[in-house]
Structures are given as C-alpha cells and as structure tokens.
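Now for the letters of each chain:
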Amino acid sequence: MIVLEGVSRWYGQVIGVNDVSCMLKPGLVALLGQNGAGKTTLLRMITGQLRPTTGRLTVFGEEPFANPNVLKRIGYCPDVDNFYENSTGRAFIQFLAELGGMPKKLARERTEEMLQVVGMSHAADRRIAGYSKGMRQRIKLAQAMIHNPDVIVLDEPLNGLDPVGRHEYIAMLHSLANEGRLIVVSSHILYEVETMTKSLLLLHRGRLLAEGDLRVIRSLIDQHPHRVRVEGPVPRAIAQATLGLPNVLSLDLREQEGYVEIEVTEPEMFYRELSEMVLSGKVELTGFSSPDNNLESVFRYLVTT
Amino acid sequence: MFQAIYLQAIGEYARFRRVIVWLVIALLAAIVAYMWLRVSPNSLGVDRYSTVSYMLVFRIVGFSALFFATANVPAEMDQRTIVYLLTRPVPRWMLLVGRYLAAVTVVTVIGVVAALAVSTTAFQGHPTSNPLLARDLLAIVLGAFAYTAAFALASVMIPGRAMIVGIIYVIGWEGLVPNMPGTMYYLSIFSHLQAIAQHPLSSNTNQLLSFLASTLGTNTLTESVSIPVLVLVSITMVGGAAWWFTQFEFLPRDAD
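Everything numeric here is computed off the predicted structure, so don't read it as measured data. (Residues numbered from 1 in each chain as written. Chains lettered and ligands numbered in written order. Predicted model: local features only at pLDDT ≥ 70, side-chain atom pairs only at ≥ 80, totals over all residues. Heavy atoms only, no water.)

Here the focus is the overall build of chain A. Each helix and strand counted, chain A has eleven helices and 13 strands in total. Taking the principal axes of the C-alpha coordinates as reference, chain A spans close to 75 × 45 × 35 Å. Here chain A holds 305 residues, and the buried ones make up 52% of them. Accessible surface computed for chain A: about 13,500 Å², of which carbon and sulfur atoms make up 50%. Put simply, chain A has 33 plus and 36 minus side-chain charges, and the middle of one group is 7 Å from the middle of the other. (Helix = DSSP H or I, 4+ residues; strand = E, 2+ residues; numbered from the N terminus. Buried < 20%, exposed > 50% of the residue type's maximum accessible area, 1.4 Å probe, protein only. Areas by Shrake-Rupley, 256 points an atom, 1.4 Å probe, with all protein chains shown as cover. Lys, Arg positive; Asp, Glu negative; His and termini not counted. Charge placed at Lys NZ, Arg CZ, Asp CG, Glu CD.)

With 29 residues of chain B at the contact, the number on the chain A side is 33 residues. Together, the buried faces of chain B and chain A total about 2,900 Å²; carbon and sulfur atoms form 60% of this surface. Along the contact surface separating chain B from chain A lie one salt bridge. Where B:Glu249 meets A:Arg9, a salt bridge forms, and the shortest distance between an N and an O atom there is 2.6 Å. At the junction of chain B and chain A, the tally comes to eight residue pairs in polar contact (both at pLDDT 80 or more). (Contact = heavy atoms within 4.5 Å. Buried area = accessible area lost by both parts, 1.4 Å probe. Salt bridge = Lys/Arg side-chain N within 4 Å of Asp/Glu carboxyl O. Polar contact = N/O pair within 3.5 Å; in protein donor to acceptor, adjacent residues only side chain to side chain.)

Quantified by volume, the largest pocket comes out at close to 460 Å³. At the level of elements, helix H3 (45–69), helix H9 (189–197) and helix H10 (207–212) of chain B are the ones that each hand at least two residues to the lining of the largest pocket. When its residues are assigned to classes, the lining of the largest pocket shows nine nonpolar, 14 polar and no charged. In this structure, the second largest pocket encloses a volume near 290 Å³. Taken together, 15 residues form the lining of the second largest pocket, with A:Ser87, A:Ala91, A:Phe95, B:Leu7 and B:Gln8 sitting closest to its centre. Contributions of two or more residues to the lining of the second largest pocket are made by helix H3 (89–99) of chain A together with helix H1 (2–13) of chain B. Class assignment for the residues of the lining of the second largest pocket results in six nonpolar, five polar and four charged. (1 Å grid on protein atoms, 1.4 Å probe; cavity = no way out; pocket = protein on both sides within 12 Å on 5 of 7 lines; lining within 4 Å. Points joined across faces, edges and corners; volume = space filled by probe spheres on them. Nonpolar A, V, L, I, M, F, W, Y, C, P; charged D, E, K, R; others polar.)

Residues and elements named next belong to chain B. When you line up the elements, Ala103 lands in helix H6 (residues 92–122). Sequence separation between Ala103 and Thr70 is 33 residues, and the spatial gap between their C-alpha atoms is 9.5 Å. Leave out the neighbours within four places in its chain, and Ala103 touches Tyr13, Phe68 and Thr148.

With that settled, consider H3(A). Most of H3(A) is tucked away: ten of the eleven residues are buried. Residues of H3(A) that are buried include every one of A:Gly89, A:Arg90, A:Phe92, A:Ile93, A:Gln94, A:Phe95, A:Leu96, A:Ala97, A:Glu98 and A:Leu99, and no others. In this structure, the buried residues of H3(A) make contact with helix H4 (104–117) and helix H5 (133–145) of chain A together with H1, helix H5 (82–86) and H6 of chain B. Positive backbone phi, approximately 95°, marks A:Gly101, located one or two places after H3(A).

A few words now on the sheet that holds strand E10 (residues 226–231) of chain A. Sheet strands line up and pair through hydrogen bonds in the backbone, either parallel or antiparallel. All names here are of chain A. Across the sheet, four strands lie side by side as E11-E12-E10-E13; this open sheet has antiparallel pairing. Every interior strand has two partners, whereas the edge strands, strand E11 (248–254) and strand E13 (287–289), have only one. Each strand axis lies, on average, 20° off the axis of its neighbour in the sheet, ignoring direction. Pairing analysis gives six bridges linking E10 to strand E12 (residues 259–264), with the strands arranged antiparallel. Its bridge partner being in E12, Arg227 is matched across the sheet by Glu263. (Pairing = 2+ DSSP bridges. Axes fitted to C-alpha atoms, helices over the stretch in contact; angles between N-to-C directions.)

With that settled, consider the confidence of the model for chain B. Here chain B averages 90 in pLDDT, while 97% of its residues score no lower than 70. For this predicted complex, the interface score ipTM comes out at 0.81, alongside a pTM of 0.83. (pLDDT = per-residue confidence, 0-100.)

We now examine the nonpolar core. Within the largest apolar cluster, 141 residues are counted, with the highest numbers of intra-cluster contacts made by A:Phe92, A:Leu154, A:Leu173, A:Ile183, B:Phe58 and B:Phe245. Per-element accounting of this core gives the leading share, 15 residues, to H6(B). Once residues within four sequence positions are removed from consideration, B:Phe245 is found in contact with B:Val73, B:Ile82, B:Leu86, B:Arg92, B:Leu95, B:Leu96, B:Val156 and B:Phe250. In terms of nonpolar packing, the next biggest core, distinct from the first, is built from 13 residues, A:Val228, A:Ile238, A:Leu245 and A:Val248 among them. (Core = buried A, V, L, I, M, F, W, Y, C linked by side-chain atoms within 4.5 Å.)

See the structure below:
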C-alpha cells in the first residue's frame, strides 16, 4: 500500500526524515518515536502535505503530494488540535465529507454514521469550541473515516483521551484494521503502543531504527543488560537473595530509599526467578519496576547495538 | 465539491463578527458624506458622493479584499485548519478558486453596501437619484475581483507577509500612484476603477481632498481599456495563485 524508498526530508539545514525505506501493508502499524523524531514529517509526506526532498514515496503506486486520487483513499487525523471552532461537530464533518466529493444526502448519512461510531452523536450540534480534548479527538477520527478510506493515518490520536476512551479508541482501530485497512498510528509512548499493536516502525532522529514485530525489537533490547528496581521492607535481604542468580550482573543497594537496583542479562528469566523466590517466601517485596522500560531506554539500547 | 468549498468559505467570511466591522466602516463613510452635507449644504450631491466614493468606498473595497483574501490561505495556516483542506481528495486549485470567489462575493457586498450608504446620505435619502451609482457598482464588482485576485496571489506566495505587503500596497501604491504625473497609474487597480466609474471633475478645489480621492493625476484610461485589463488581471492573478497553491507546500503555522 505504502512504499518508501530512501526517503529523506530536509527543512533547510535540518533533517526531518533521514533515508527511510520500508513498506506498509494492511494492518495496524505503530510509528514510535520521541518528540522531534520525524513522525509527523513522515505522516505528512504519506498524506500528501509534504514532498520528500530525496527518495520516492508512493501510496497505491502514486505519489501522494496534492494528488486527489491518492487522498480519496487516505484518511488523516492530524496532531493539531485546531478546528473551525464556531462550527458544530456535525457541520464540520459534513463539510469535509462534501469537500471530498460526497453528495449532500450521502454526506449527511455518513456523518450520522460516523458520529455514532465515535460516540459523539449526543454532542454533535454543539460548537466545537466547547468540546473537551477527548471529544475533539473523536471528531478528528470521525472526519478521517468519513470517506471510508483504505488507509487511516493518525498522528498521536490518544492524546487527551481518558482510560476508557483509550480502550474504546484502540478497539475501534483494531476493528478498522481487521476490515483489511492499513492503520498507521504515531505515538511517543511505548506502553501505549504495546497495547495497540505488535507491528512497529521505530524512528529516532529521523532515521528508521527498527521495523517489524515488537517482540523482535524487545529481544534485541533484551540482549543488553537491563535494570530492574526491586522494592521491599528489607532491601538488603533482597540483595542477598538475588546476588547468586546466574543472570545478575551487578547490584546497587539503596537502603535509605528502600530498593535495590539490579542489572540483569535476561530480564524474562530474572522475573521468573524473582516470582519463584517471592512465592517460596525467600524475599519480601512491595513492588518492582524497570527504569529501562521506557522509550528513551529502548532507543539507547538500539542506538548502541 | 466546488459548491461545498464556496458555501463553507462564505459561512466563514460572512460571520457576524467579521462582517460587522466592515459594515460599520461603510456606515462611517456615509457619515462623512452626511457631515459634508451639514457643513456645506449648498454643495452638489454629485461632488459629495464622488469625492467620498473615491476617498473611502473604493478604499474599503481594497482593504476588505486584502482582509478576506488573506483569510484564504494564511489564516487557514495560522489557525492550523489548512491540514483538513489539503488532505481531502479535492484539487488544490479548486479549493483556492472556490474560496477566492467566496471572498469576492463578500467584498462585493461590503462595497455595494458602502456605495449605497454614501449615496443615500450624499443625495439626502434618494440614492437612486445618483447618476454615478450604476457605474460605481460595476467598478466595485470588478475591483473586488481584481484586488482579491492580487491579494490571493500574494497570500500564497508570501503567506507570512501578505497582510503587511497588502496594506503597503493599498495605502502606498494605490493612494499615491494615481496622484502622480506620468503613466505609472496604468499599474494601479484604483486608476482603472476610476476609469470605469467616470466621475466628473469635482467643482471643489481642496487639494487635500483631491489627494485623498486620488484625483490629482491625469488619468487618461478609458472604460474600454480598463474593463478588459481588470478582467485579465483577475484571471491571471487568481490563475497564478491556483498554480502556486498546487505546486508548493502549505503547512499549519509553527509546524515542525
């Protein structure tokens, strides 16, 4: 559906996207990267707002820039939180439907349908200016889906949604992907993406750092030492119990703060052994977490690979 | 598709808060004509109307065209809604032309209201007894097309500076060039509007008023030249704007 071949995009002296090559097929794909990684630039190129400086980007075999043939098969939910604020949700969506060439009657029907899908029928006749952040996200999604596109591109769509809203939103994206569409979702939050899909594109400073199944990327990460913070009433006892484990590389005992930070080689095995120790009563703990389980650490691992 | 673009833009441009400002300005022009009548009751209605029309009504057309033409692309970029327009399966030229025509419609209505208001006060409540009105209305329509086209082109070529350049153009160029000797006035839309309006020479000799009305120069343009020129200018400029809009990138302001 979408093919990128050595795509780069410069803004004067600054590079936004650097030599990215990949192919996106139907399903739910997450574009993961920190702020400024080039996600929005890449999505803007896919949705025909920007041209690549070098390389070739095609969507359904055609270049998307200002190309109505391509745009009628793409729905875009931008990261910007701006609307025609005086318009109502219904009028906004219906206008964009008609702008896409839909006859008035069909546009009205599709608008009703989409408002129901995104759960905004009850507030559709209110002015957008009075909408909450979550409502605005839903209206943005509705306008992206209004013309029944084959590809839906969503730039940071979960921002501002409450947990229930997120859950519903993600379920909706899955059902759209199951209909054979390509859904591209950008995010800078790893755990958010993990709940959404296993298929990832990892962007870092404009470069495509990794591509494919999240588990493959995780296993790449797991080849490197991983820090685990274990909290308990007696941190020294935790340190003593875990010191002898074969995959523990080092320990940092923080008695004052009430935890031990352990560097391990195979986190999955360590977690298994740790849970066995807890079940057998060898150690008592109140919690554990991994300071490395965030996007920054993922990038650090991959950059040093 | 075209109808949707046009109607949406009309809805945006003709919002009460936007239009009311221009209607108040039109009313102020009428008040100037009324004050003239009060100060000089023996002055001719044609003189009052002619001077106030050149001095204010045609300027209102220029300024409102600037205001609404820059609401086309730069304002969409500023309010970051341009992204919704440019990601729809609609040719960009159609977007630009549809919104251009909506701007022309609103500018024409404002100009016509201003002309009617001035005519009403200048002719003491009998606007239809104004022999200059019909030609002025034609000039206002053509002026709306030409000015809006010029500013539409500026707004896509220099979206960040279109407003300031436009203000300099309307006040500086359009205010001064028709007063200057020589043939520079051929390049002024205002001079062409004067050629179409064909106001008679005023009997008032006040140099300041003549300067403000841009009647100090020797305008030898004729209606048969100026109408085709303004039509050509409008088509060329809006065509250029549509081409530019199709070829280049337009992102929401402050986008990375």
